[in-house]
Amino acid sequence: MNDSLAGITVVAVEQAVAAPYASSRLADAGARVIKIERREGDFARDYDRMVRGQSAYFVWLNRGKESVCLDIKTADDRLLLQTLIAQADVFIQNLKPGSLHQLGFGHAALRALHPRLITCDITGFGSSGPRSHLKAYDLIVQAEAGLCSITGNSTGPARVGVSVCDIAAGMTAHSAILQALFARERTGRGSGIQISLFDAVADWMNVPFLQHVHARHETVRAGVSHPSLAPYGAFRCKDGRDVIFSVQNDREWVNFCTLFLFRPDLVRAQGFADNTARIANRPALEQIITARFTELTSLEAMGALQEAGLAYGELNDIGKLAEHPHLRTVAVETPAGSIDVIAPPAIVDGQAPSLRPLSALGQHTAAVRSEFLERRAS
């Protein structure tokens with residue numbers, strides 16, 4: 001699958017996370033991705049200096065791309081961008097809404113000139129509506145979409161710990177672009193794709209949305225407990241480690257009561273017999289469960305949960321993730337040397353992925369300018 005998109009050219013006027021996520025996955029699949037950066041570079045290059053002097057965000061999201069620095073407010077660089085797009089299959093951008101349109105690179109104008117072109121515009125709130133003109137970054141959208149309101153615990157709302165709105169938008173853009181490429185094989189025509197961070201994460205909010213609209217149920221911030229299922233959460237063992245487990249159905253509830261708690265009387269007890277009742281009586285239920293976990297070490301608790309046929313896991317920190325026996329990593333060459341990154345999740349035909357290197361800022365500017373302007377001249 002490392003060359004499944006070989007022959008596809010992607011031009012990406014991109015920054016930060018959402019668009020680079022989508023284009024990096026296209027690059028992983030063999031597409032040629034030409035990343036257009038300002039003279040000072042994608043600002044994500046300066047988010048931190050923690051990976052051998054390089055930004056963790058940038059190393060993660062920009063492997064396998066060619067870096068071309070342009071100032072598209074100048075006539076010469078606009079001409080080069082026009083030339084690149086004319087020979088591309090996909091054009092991705094996530095600049096401030098309207099900024100490329102003002103320079104003649106709006107999706108409608110581009111597709112009128114190049115009917116086979118697939119355009120993908122990634123914005124904060126879409127192309128219409130009262131907030132469509134605003135810049136929007138991940139935490140702003142988490143807040144606007146209600147995600148913060150259901151994240152955290154009783155002391156207050158919280159941000160999800162990674163840029164989940166950006167990632168959701170990037171994943172959605174990636175899948176939509178692949179769908180558009182497949183459709184073009186059938187029709188010969190490209191597509192105009194519009195993705196907003198708000199729409200991408202709002203789709204993920206369907207369960208609390210439907211519960212609110214149809215039952216006036218307000219999702220309670222539950223920390224590392226599940227807001228809709230009980231018991232499902234983290235419990236501290238006598239060695240101080242936290243173990244998470246889940247009961248998903250009645251069979252598991254019976255097993256949990258009889259084989260882990262040794263309390264078969266709870267199976268059909270009033271206030272505990274089904275999930276709805278257990279949610280309503282969560283404090284009383286968790287008091288019983290906590291008492292049992294404090295009798296066991298984490299290894300003993302996980303062993304007993306396994307014997308009962310329940311799903312369980314440890315509440316790990318990032319250090320434990322780095323040592324996790326299931327964590328797959330792959331090397332990426334960078335200007336500062338080889339870096340191990342977490343591997344892409346899809347495993348195809350049992351093959352380990354091979355990722356192309358990370359480019360230095362402007363590394364390919366001269367070569368790309370020469371290549372594409374020569375093609376234009378010929």
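Refer to the structure printed above.
Small disclaimer: the values here were computed from a predicted structure and weren't measured.

K.L.:
Whenever I open this one, the packing of helix H9 (residues 250-260) against helix H12 (residues 298-307) confuses me. Can you help?
P.N.:
When two helices pack together, their arrangement is given by the angle between the helix axes and the distance between those axes. At a closest axis distance of 9 Å, the pairing of H9 and H12 adopts a crossing angle of 130°. The angle between the axes of H9 and H12 places the two elements in the oblique class. Relative to H12, H9 is oriented so that their crossing is right-handed. Taking contact as the criterion, the partners of Phe256, Leu259 and Phe260 in H9 are, on H12, Ala301, Ala304, Leu305 and Glu307. Tallied by class, residues from the contact of H9 with H12 come to six nonpolar, no polar and one charged.

K.L.:
Would you mind showing me how to read the sheet that holds strand S1 (residues 9-13) here?
P.N.:
Adjacent strands of a sheet form backbone hydrogen bonds with each other and so pair up, either parallel or antiparallel. The parallel open sheet is built from six strands, whose spatial order is S3-S2-S1-S4-S5-S8. Either end of the sheet is taken by a strand with one partner, and the two such strands are strand S3 (65-69) and strand S8 (192-196). The mean inter-strand angle of the sheet, taken between neighbouring strand axes irrespective of direction, is 20°. Judged from the five bridges that link them, strand S5 (residues 118-123) and S8 form a sheet pairing that is parallel. Across the sheet, aspartate 121 pairs through a bridge with glutamine 194, a residue of S8. Running at roughly 145° to S1, helix H3 (residues 75-86) makes contact with S1, strand S2 (32-37) and strand S4 (90-93) of the sheet.

K.L.:
Please explain the pairing of S3 as it appears in this structure.
P.N.:
Along a regular strand, successive side chains alternate from one face of the sheet to the other. Within S3, five of the five residues are buried, which leaves it mostly tucked inside the rest of the structure. Both faces of S3 are covered, namely the face carrying Lys65, Ser67 and Cys69 and the face carrying Glu66 and Val68. In the classification by handedness, the crossover that spans S2, the intervening helix H2 (residues 56-61) and the parallel S3 is right-handed.

K.L.:
What exactly am I supposed to notice about the packing of aromatic side chains here?
P.N.:
Aromatic ring pairs are reported here in terms of the distance separating the ring centres and the angle at which the planes meet. Throughout the structure, instances matching the rule amount to 11 aromatic pairs. Consider the rings of tyrosine 47 and tyrosine 57, whose centres lie 5.1 Å apart with planes at 80°: the pair is edge-to-face. Within this pair, whereas tyrosine 47 is found in the loop between S2 and H2, its partner tyrosine 57 is found in helix H2, the two being separated by 10 residues in sequence. For tyrosine 57, a relative accessible area of 29% gives the class partly exposed. Joined through ring pairs, the aromatic side chains of Phe235, Phe245, Trp253, Phe256, Phe260 and Phe293 make up one cluster. The side chain of arginine 292 reaches across the aromatic face of phenylalanine 260, ending 5.3 Å from its centre.

K.L.:
Got a minute to help me understand the nonpolar core in this structure?
P.N.:
Note on soluble globular proteins: their nonpolar side chains tend to be buried together. By size, the foremost hydrophobic cluster in this structure holds 37 residues, and its most contacted members are Val10, Val90, Ile92, Cys120, Ile122, Ile177 and Ile193. Residue assignment for this core shows that the elements contributing at least two residues are S1, helix H1 (18-28), S4, S5, helix H6 (164-187), S8 and helix H7 (197-204). In terms of residues, this core owes the most to one element, H6, which gives nine residues. Core analysis: the next-biggest nonpolar cluster, separate from the first, contains 25 residues, Phe260, Leu266, Ala301 and Leu305 among them.

The rules behind the values
- Note on numbering: residues in each chain are counted from 1, in written sequence order.
- For a predicted model such as this one, the threshold for reporting local features is a pLDDT of at least 70, and the threshold for listing and counting side-chain atom pairs is 80 or more; totals across whole chains, interfaces and linings nevertheless cover every residue.
- With hydrogens and water set aside, each side-chain value is computed from the structure's full complement of heavy atoms.
- Between the N-to-C directions of two axes lies an angle of 0 to 180 degrees, each axis being a line fitted to C-alpha atoms and, for a helix, fitted only over the stretch in contact.
- Only runs of H or I of at least four residues qualify as helices and only runs of E of at least two qualify as strands under DSSP, and these elements are numbered from the N terminus.
- An angle counts as roughly parallel when it lies under 35 degrees, as roughly antiparallel when it exceeds 145, as roughly perpendicular when it falls between 65 and 115, and as oblique in every other case.
- By convention the crossing between two helices is left-handed if the near helix lies anticlockwise of the far one by an angle smaller than a right angle, and right-handed if it lies clockwise.
- Any two residues whose heavy atoms approach within 4.5 Å are treated as being in contact.
- Note on residue categories: nonpolar means Ala, Val, Leu, Ile, Met, Phe, Trp, Tyr, Cys or Pro, charged means Asp, Glu, Lys or Arg, and polar means any other residue, Gly included.
- At least two DSSP bridges between two strands are needed for those strands to be called paired.
- To sort residues, take the accessible area from a 1.4 Å probe on protein chains only and compare it with the maximum for the residue type: under 20% means buried, over 50% means exposed, and anything in between is partly exposed.
- Here, the term right-handed applies to a crossover whose path from the first strand over the helix to the second runs clockwise when the strands point away from the viewer.
- Two aromatic rings, drawn from Phe, Tyr or Trp (for Trp, its six-membered ring), form a pair once their centres lie within 6.5 Å of each other, and the interplanar angle then sorts them: stacked below 30 degrees, edge-to-face above 60, tilted otherwise.
- Look at NZ for Lys and CZ for Arg. If either is within 6 Å of the ring centre and within 35 degrees of the ring normal, a charge sits over the ring.
- As used in this record, nonpolar core signifies buried Ala, Val, Leu, Ile, Met, Phe, Trp, Tyr and Cys residues forming a set joined through side-chain atoms within 4.5 Å.

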